[in-house]
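Take a look at the letters that make up each chain.
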Amino acid sequence: MVMSKLFIPAYWPFFKSGELRRFDYSAPNTPSFTSVFSYDKGSDSMLYNNYDSAGTWLNKWFYQYRPGFGVAEWRDDYPGNKKVVLNPPIGWGEFQEVGSDYINYPKFDFFKCWPPASSSGVQIVHFEQHISQMNVMGAYYQDIIQFTYLQNWNGKPATGARYWMALGVGPIKTQFLTQDATDPTKVTESVIWDAKITKVG
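This section reports on the structure supplied with the text. (Residues numbered from 1 in each chain as written. Predicted model: local features only at pLDDT ≥ 70, side-chain atom pairs only at ≥ 80, totals over all residues. Heavy atoms only, no water.)

Across the junction of asparagine 87 and proline 88, the peptide omega takes the value 0 degrees, indicating a cis bond. For the bond running from tryptophan 114 to proline 115, omega is -10 degrees, close enough to zero to count as cis. You can see proline 115 is positioned in the loop between β9 (101-104) and β10 (121-136). One non-glycine residue with positive phi stands out, namely aspartate 44, at about 50 degrees. The partly exposed category is assigned to aspartate 44, whose relative accessible area is 37%. In the Ramachandran plot, methionine 137 falls in the positive-phi region, its phi being about 55 degrees despite a non-glycine side chain. Relative to the elements of secondary structure, methionine 137 occurs in the loop between β10 and β11 (139-153). Its relative accessible area of 44% is what places methionine 137 among the partly exposed residues. (Helix = DSSP H or I, 4+ residues; strand = E, 2+ residues; numbered from the N terminus. Buried < 20%, exposed > 50% of the residue type's maximum accessible area, 1.4 Å probe, protein only.)

Written out as structure tokens, the structure reads:
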């Protein structure tokens with residue numbers, strides 16, 4: 001049996017309008033957080049901004065679709081004017097089958113980072129399920145991929161997440177993952193956060 005491959009960028013938010021697509025994540029007895037996706041014309045990139053429950057900005061990813069590579073997270077910004085530029089970028093896949101893994105080896109671009117920095121990482125994305133439909137926070141979604149990623153830098157324990165991304169929408173649910181420092185086969189899973197999505201523009 002030949003399994004069909006999924007075009008992964010179609011599940012990530014990609015647009016070139018002035019839209020702000022906001023995902024407010026909540027789970028019982030757990031602090032909420034917010035992610036906002038927008039398009040940056042200057043860098044021809046999508047921006048993925050994250051905020052804590054108080055609305056404090058945490059970080060910003062810059063990502064693009066690069067044919068032949070897939071979803072490429074090529075820059076991350078942090079408070080204090082810290083900037084990490086990646087070459088190769090952090091990859092998230094392009095054409096993948098359910099059950100497959102996507103692996104790449106991102107590196108800091110020393111002189112483009114601020115402050116200048118070097119680091120080498122491993123990104124492992126595992127595509128777990130292709131789900132036909134799902135109801136999240138009272139909204140009905142069709143065509144969802146469920147995948148995990150674990151990312152480590154300089155051999156340290158990995159961190160990551162599980163995402164449920166709906167076609168043409170983005171991450172409607174998420175869960176954080178942390179690799180155990182003493183037993184690398186053990187991964188701790190957080191609660192699952194559901195998203196309420198609003199669009200402006």
